[in-house]
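Descriptive structure summary
Here are the chains, one letter per residue:
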Amino acid sequence: MKREPVVVTGMGIACSAGIGIEAFADSLFAGQPGIRPIRSFDTTGFALPDRVLLGGEVADLPDDPVPSSPSLDLAARAADKTFPSLDRVQKLALLAAVEAWTSSADSLGGVRTGIVLGTVTGGIRSGETFLSKTRSSASTDADLPCRAAPESAALAVARRLRLSPVNLTVNTACASGTTAIGLAFRMIRDGKADRLLAGGAEALSLFVASGFSALKLLTTDAIRPFDRRRSGFLLGEGAAFVVLERLSSARRRGAKVFGTILGYGASADATGMVKPDLTGSGLARAMDAAIKDASLSPAEVDAVNAHATATVHNDLAESAAIHRVFGERAAAIPISAAKSLTGHALGASGGMEAVASLLTLSRQALPPTPGFEEPDPACGLNVIRAGQQRALSRVLSISAGFMGHNAALLLGRADA
């Protein structure tokens, strides 16, 4: 039975490469990274002695991230005095979510709405604050432990935008944002909800910086995906969301359509905590599943938006997966990557890269991949070094994470 298409009717993003879709698109197609010294916490010891730790930090994050908008319940907003106490991840999530929702939603009219959010560390910045306080001072801020909860960002967004009844937070490591969009896609397609906000949110933290520093995965150089000189990634933060609904709903209310979710696939390697499966078989299963979910073949995919962490093992594993799925065509299919612009934003990365893929389709242009200069022959991929116009109908956006988590979305043009 032919299923009704699920379309994207709203997009929003907040990251170091731009707050708002237009600012992000400008950076994406200009190949302009948003990498700067991390200032929001002490990074002493995480870089070489004579260098500060660089990353994709969002500068000048406002205390009140919700703009005045007739689309929001401003009376409820005025009555809510919690803005100054929002966790950093909540602020980032609200920036992106409000843009996505207000670019999509009219009067809700009783439809079943909600949010599906992917994150790895949630409100960890509030958790770090809580642990740094004495018992007596911590007890004066009763909301502080709640802001540290993984689901705090989804709740903040749902509360602000009055989204109900769906409210889910998922963690599949660095595939979380892609997983969240995939789950929302299935819920809409299966008639379990009418309009959902889906994506990821993540904030830079001392915990994450210390962990990846200990694993020796952070570079002091540029992020160089699939480059023979690659030496790791820089951390990032931010949030990105899409609004999903069935095509008939979008047409009925005259909503603008930014693209189509054609298919979703996921898998788990179960091979180890950190090191990926170098055969690429797990990620290839997720990619194959997304393509089959759309009732298409690999030959009908026009480009790939890669996970591309620029670590030695992950780039090799991802390259192996691409070769498994596309065979002889793997060396020719265009590959782009966004982490060199934004840093690695963990659970938010999948949402950011889905937005980048949708912009690629809407502008019919492949963005450049900053940092890629000397191809690694062991990867054997056609990584886009300089941006170029290209006729594109479908882009496969892929994510992989610790614990062997993999997820893939097949995205189509608005008229797909």
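Everything discussed here concerns the structure shown above.
Presented here is a report on the structure given in the accompanying data block. Because the structure is predicted, anything quoted here is derived from the model rather than measured.

With that out of the way, let us pick up the nonpolar core. Ranked by internal contacts, the top residues of the largest apolar core, which has 47 residues, are Met11, Phe24, Leu244 and Val355. For this core, the leading source of residues is helix α14 (residues 349-363), giving seven residues. Each residue touching Met11, except ones within four places of it in the same chain, is listed here: Ile21, Glu99, Ala100, Ser103, Phe241, Val242, Phe258, Val355, Leu358 and Leu359. One finds Ala14, Val58, Leu86 and Ala203 within the second-largest nonpolar core, a separate group that totals 29 residues.

A few words now on the pattern of salt bridges. A full pass over the atoms with the stated rule returns 18 salt bridges. In this structure, Asp194 and Arg112 form a salt bridge, with 3.1 Å as the shortest nitrogen-oxygen distance. Linking Asp194 in the loop between α8 (176-189) and β7 (195-202) with Arg112 in the loop between α3 (88-102) and β5 (113-118), this pair joins segments that are 82 residues apart in sequence. A salt bridge links Arg230 to Asp315; its shortest N-O distance comes to 3.5 Å. Linking Arg230 in the loop between α9 (206-214) and β8 (238-246) with Asp315 in helix α12 (residues 312-326), this pair joins segments that are 85 residues apart in sequence. Each member of the pair, Arg230 together with Asp315, is buried. A single salt-bridge network, built from bridges that share partners, covers Asp221, Arg224, Asp227, Arg228, Arg229, Glu373 and Glu374.

Turning our eyes to something else, we now look at the side chain of Arg230. Looking at Arg230, the relative accessible area reads 8%, which means it is buried. Here Asp376 takes part through its side chain, which lies 2.8 Å from a polar atom of the side chain of Arg230. The residues contacting Arg230, other than those within four sequence positions of it, are Arg224, Ala310, Thr311, Val312, Asp315, Leu316, Asp376 and Cys379.

Another aspect to go through is the packing of aromatic side chains. All chains considered together, the criterion is met by two aromatic pairs. When the ring of Phe212 is compared with that of Phe233, the centres are 5.2 Å apart and the planes differ by 75 degrees; the resulting orientation is edge-to-face. Within this pair, whereas Phe212 is found in helix α9, its partner Phe233 is found in the loop between α9 and β8, the two being separated by 21 residues in sequence. Each member of the pair, Phe212 as well as Phe233, carries the same accessibility label: buried. The interplanar angle of 40 degrees and the centroid separation of 5.7 Å between the aromatic rings of Phe212 and Phe402 together place this pair among those described as tilted. Here Phe402 lies in the loop between β15 (394-400) and β16 (405-412) and Phe212 lies in helix α9, a separation of 190 residues in the sequence. Three or more aromatic residues link up through ring pairs in this structure, and these residues are Phe212, Phe233 and Phe402.

Since one α-helical turn is 3.6 residues long, residues separated by three or four positions face the same way. For helix α7 (residues 152-161), a buried count of eight out of 10 residues is recorded, marking the element as mostly surrounded by other parts of the structure. Listed in full, the buried residues belonging to α7 are Ser152, Ala153, Ala154, Ala156, Val157, Ala158, Arg160 and Leu161. In the segment just after α7, Arg162 is the residue with positive phi, at about 55 degrees.

The next thing to look at is the side chain of Gln90. As for its position among the elements, Gln90 is in helix α3. What makes Gln90 buried here is its relative accessible area of 6%. From its side chain, Gln90 meets the backbone oxygen of Ser152 in a polar contact 3.2 Å long. For Gln90, the contacting residues outside a window of four places in its chain are Arg147, Ser152, Ala153 and Ala156.

Let's shift gears to the pairing of β15. The buried fraction of β15 is high, at six of seven residues. Examined bridge by bridge, strand β10 (residues 303-305) and β15 share three bridges and lie parallel to one another. By the bridge assignment for β15, Asn305 is matched with Ser397. Bridge count between β15 and β16: seven bridges; the pairing is antiparallel. Residue Ile398 lies in a different strand from β16, and its bridge partner there is Ala408. Where β15 folds back onto β16 in an antiparallel hairpin, the turn is made up of four residues, including Met403, whose phi is positive at roughly 70 degrees.

This brings us to the environment of Phe326. If you trace the backbone, Phe326 turns up in helix α12. Overall, the relative accessible area of 7% leaves Phe326 in the buried class. Between the alpha carbons of Phe326 and Ala299 there is a distance of 7.5 Å; along the sequence they are 27 residues apart. Contacts of Phe326, omitting those with residues within four sequence positions, involve Met287, Pro298, Val301, Val304, Ile333 and Leu396.

To continue, consider the packing of helix α11 (residues 281-293) against α12. Contact geometry of α11 with α12 gives a least axis separation of 8 Å together with a crossing angle of 45 degrees. As summarised for this structure, α11 and α12 are arranged oblique, according to the angle between their axes. The hand of the α11/α12 crossing is right-handed. On α12, the residues that touch Ser281, Leu283, Ala284, Met287, Asp288 and Ile291 of α11 are Glu318, Ala321, Ile322, Arg324, Val325 and Phe326. For the contact of α11 with α12, a count of residues per class yields eight nonpolar, one polar and three charged.

How each quantity is defined
- Just so you know, the residues in each chain are numbered from 1, in the order the chain's sequence is written.
- It should be noted that, the model being predicted, local features are given only for residues of pLDDT at least 70 and side-chain atom pairs only at 80 or more, the latter also being counted only at that level, while totals for whole chains, interfaces and linings use all residues.
- Calculated side-chain values reflect all of the structure's heavy atoms, with hydrogen atoms and water omitted.
- Buried residues of nine kinds, namely Ala, Val, Leu, Ile, Met, Phe, Trp, Tyr and Cys, make up a nonpolar core once their side-chain atoms join them within 4.5 Å.
- For each residue, the accessible area found with a 1.4 Å probe, counting protein chains only, is set against the maximum for its type, and the residue is called buried under 20%, exposed over 50%, and partly exposed in between.
- Segments assigned H or I by DSSP are reported as helices when at least four residues long, segments assigned E as strands when at least two residues long, and all are numbered from the N terminus.
- When checking whether two residues touch, look at their non-hydrogen atoms; a contact exists if any pair is within 4.5 Å.
- Should a side-chain nitrogen of Lys or Arg be within 4 Å of a carboxyl oxygen of Asp or Glu, the pair is scored as a salt bridge.
- The term polar contact refers here to a pair of N or O atoms within 3.5 Å; inside protein, the definition further demands a hydrogen-donor-capable atom paired with an acceptor-capable atom, and it admits residues adjacent in sequence only when both atoms are side-chain atoms.
- Only the six-membered ring of Trp is used, alongside the rings of Phe and Tyr, when aromatic pairs are assigned; centres must lie within 6.5 Å, and planes under 30 degrees apart are stacked while those over 60 apart are edge-to-face, with the rest tilted.
- Paired strands are those between which DSSP finds at least two bridges.
- A fitted line through C-alpha atoms serves as each axis, taken over the contacting stretch for helices, and the angle formed by two N-to-C directions is quoted from 0 to 180°.
- For this classification, under 35 degrees means roughly parallel, over 145 means roughly antiparallel, 65 to 115 means roughly perpendicular, and everything else is oblique.
- Two helices crossing with the near one rotated counterclockwise from the far one by less than a right angle form a left-handed crossing, whereas a clockwise rotation gives a right-handed crossing.
- When residues are grouped by polarity, Ala, Val, Leu, Ile, Met, Phe, Trp, Tyr, Cys and Pro land in nonpolar, Asp, Glu, Lys and Arg in charged, and all others, Gly among them, in polar.

By themselves, these are just geometric observations and shouldn't be taken as functional.
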